[in-house]
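The chain contents come next:
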Amino acid sequence: MQLGSGHRPIGASTITQQVAKNILLDNKINFARKVQEAVLALRIDRAMTKQRVLEIYLNEIYLGEQSYGVTAAAAAYFAKPWTR
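This one's a predicted model, so the numbers in the text were calculated from it and none came from an experiment. (Residues numbered from 1 in each chain as written. Predicted model: local features only at pLDDT ≥ 70, side-chain atom pairs only at ≥ 80, totals over all residues. Heavy atoms only, no water.)

Enquirer: Run through unusual backbone geometry, naming residues and quoting values.
Expert: In the Ramachandran plot, Glu 65 falls in the positive-phi region, its phi being about 50° despite a non-glycine side chain. With respect to the secondary-structure elements, Glu 65 resides in the loop between helix H3 (50–60) and helix H4 (70–78). For Gln 66, which is not glycine, the phi torsion reads 60° and is therefore positive. Structurally, the position occupied by Gln 66 is in the loop between H3 and H4. Given a relative accessible area of 72%, Gln 66 falls into the exposed group. (Helix = DSSP H or I, 4+ residues; strand = E, 2+ residues; numbered from the N terminus. Buried < 20%, exposed > 50% of the residue type's maximum accessible area, 1.4 Å probe, protein only.)

Enquirer: Go over the environment of Ala 76, please, and point to the residues and values.
Expert: If you trace the backbone, Ala 76 turns up in helix H4. Here Ala 76 falls in the partly exposed class, since its relative accessible area comes to 42%. C-alpha of Ala 76 to C-alpha of Leu 63: the two residues are 13 residues apart in sequence and 9.7 Å apart in space. Discounting residues that sit within four places of it in the chain, Ala 76 has contacts with Glu 65 and Ser 67. (Contact = heavy atoms within 4.5 Å.)

Enquirer: Could you give an account of the packing of helix H1 (residues 15–23) against H3, with specific residues and numbers?
Expert: One can describe the packing of H1 onto H3 by two numbers: an axis separation of 9 Å at closest approach and a directional angle of 55°. On the basis of their axis angle, the class for H1 and H3 is oblique. At the point where H1 passes H3, the crossing takes the left-handed sense. Contacts from Ile 15, Thr 16, Gln 18, Val 19 and Asn 22 of H1 reach H3 at Lys 50, Val 53, Leu 54, Ile 56, Tyr 57 and Glu 60. Its residues assigned to classes, the contact of H1 with H3 shows six nonpolar, three polar and two charged. (Axes fitted to C-alpha atoms, helices over the stretch in contact; angles between N-to-C directions. Parallel < 35°, antiparallel > 145°, perpendicular 65-115°, else oblique. Left-handed = near helix turned anticlockwise from the far one by under 90°. Nonpolar A, V, L, I, M, F, W, Y, C, P; charged D, E, K, R; others polar.)

Spelled out as structure tokens, the structure:
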């Protein structure tokens with residue numbers, strides 16, 4: 001996919017970039033949005049540990065069955081709460 005084609009490119013984002021994308025409120029697909037994601041990802045990397053970024057990512061991603069995050073997915077797929 002090419003930038004500006006109206007479709008979001010598949011792959012090529014770090015977990016930090018995906019967290020940044022999810023933090024931004026709109027879902028526009030353009031160069032300005034990509035720059036905002038990159039700047040926000042740099043700020044996130046400076047402010048948080050990789051472990052914290054991964055925790056945020058795992059708690060917000062869509063995992064099917066109306067489940068956002070690992071806890072909700074564990075409940076939906078296994079009928080059990082997720083424990084550490």
